[in-house]
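# Chains, contacts and geometry: an overview
Spelled out, the chains give:
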Amino acid sequence: MAGERQADCLFCKIVAGEVPATVVRETETTLAFRDINPQAPTHVLVIPKVHYPDAATLAAAEPGIAADILRESAEVAAEDKTAGSGYRIIFNTGSGAGQTVFHAHAHVLGGRGFNWPPG
Ligand code: AMP
Ligand code: ZN
């Protein structure tokens, strides 16, 4: 069934509590935890509890949960007090764009300046 847990997925294991993470927010549908290799003072991953390989697949199958990811990303930024100075929400999609974990996730980055275009 679409969205079901994948045995070999790191983020499904974090949702199940089998791999530890520094959780900052949790809802019925989402989990937010600090990235293990932070690229900014705020670097939090917001993920759906259900498994989809990337953000677009999640949005096509479960648009409400995709919206939950965006809403929770804003809550994370507000809690880390980065919302006022601006923050980034990034969905790396595909290995060519740097995606390494194929369970949909938003990177929420804040607390420093950012260049445009991104690297
Ligand atoms: P991406 O490269 O967009 O797929 O992002 C995957 C992110 O997961 C990277 O920024 C990693 O640093 C992060 N990551 C990998 N393993 C863990 C972990 N156990 N806990 C928290 N973040 C992790
Ligand atoms: Zn997964």
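The structure contained in this document is the topic of the report that follows. (Residues numbered from 1 in each chain as written. Chains lettered and ligands numbered in written order. Predicted model: local features only at pLDDT ≥ 70, side-chain atom pairs only at ≥ 80, totals over all residues. Heavy atoms only, no water.)

Around ligand 1 sit 15 residues, and of these Asp35, Asn92, Gly98, Thr100 and His107 come closest. Val101 places a polar main-chain atom, nitrogen or oxygen, 2.9 Å from an oxygen atom of ligand 1. Between ligand 1 and His107 there is a distance of 2.8 Å, counted from an oxygen atom to a side-chain nitrogen or oxygen. When isolated, ligand 1 has an accessible area of 500 Å², and the protein chains bury 84% of it. At the level of elements, helix 1 (10–16) and strand 2 (30–34) are the ones that each hand at least two residues to the shell around ligand 1. Per-class residue counts for the shell around ligand 1 are six nonpolar, seven polar and two charged. (Near = heavy atom within 4 Å. Polar contact = N/O pair within 3.5 Å; in protein donor to acceptor, adjacent residues only side chain to side chain. Areas by Shrake-Rupley, 256 points an atom, 1.4 Å probe, with all protein chains shown as cover. Helix = DSSP H or I, 4+ residues; strand = E, 2+ residues; numbered from the N terminus. Nonpolar A, V, L, I, M, F, W, Y, C, P; charged D, E, K, R; others polar.)

Right, let's talk about the sheet that holds strand 1 (residues 23–26) for a bit. In spatial order, the strands read 1-2-3-5-4; together these five strands make up an open sheet with antiparallel pairing. The two strands at the open ends of the sheet, each matched to only one other strand, are strand 1 and strand 4 (87–90). Direction aside, the axes of adjacent strands within the sheet are offset by 20° on average. With four bridges joining them, strand 4 and strand 5 (residues 106–110) adopt antiparallel strand pairing. By the bridge assignment, Tyr87 is partnered in strand 5 with Gly110. Those strands touched by helix 3 (residues 63–79) are strand 1, strand 2, strand 3 (42–48), strand 4 and strand 5, and its axis lies near 155° from that of strand 3. (Pairing = 2+ DSSP bridges. Axes fitted to C-alpha atoms, helices over the stretch in contact; angles between N-to-C directions. Contact = heavy atoms within 4.5 Å.)

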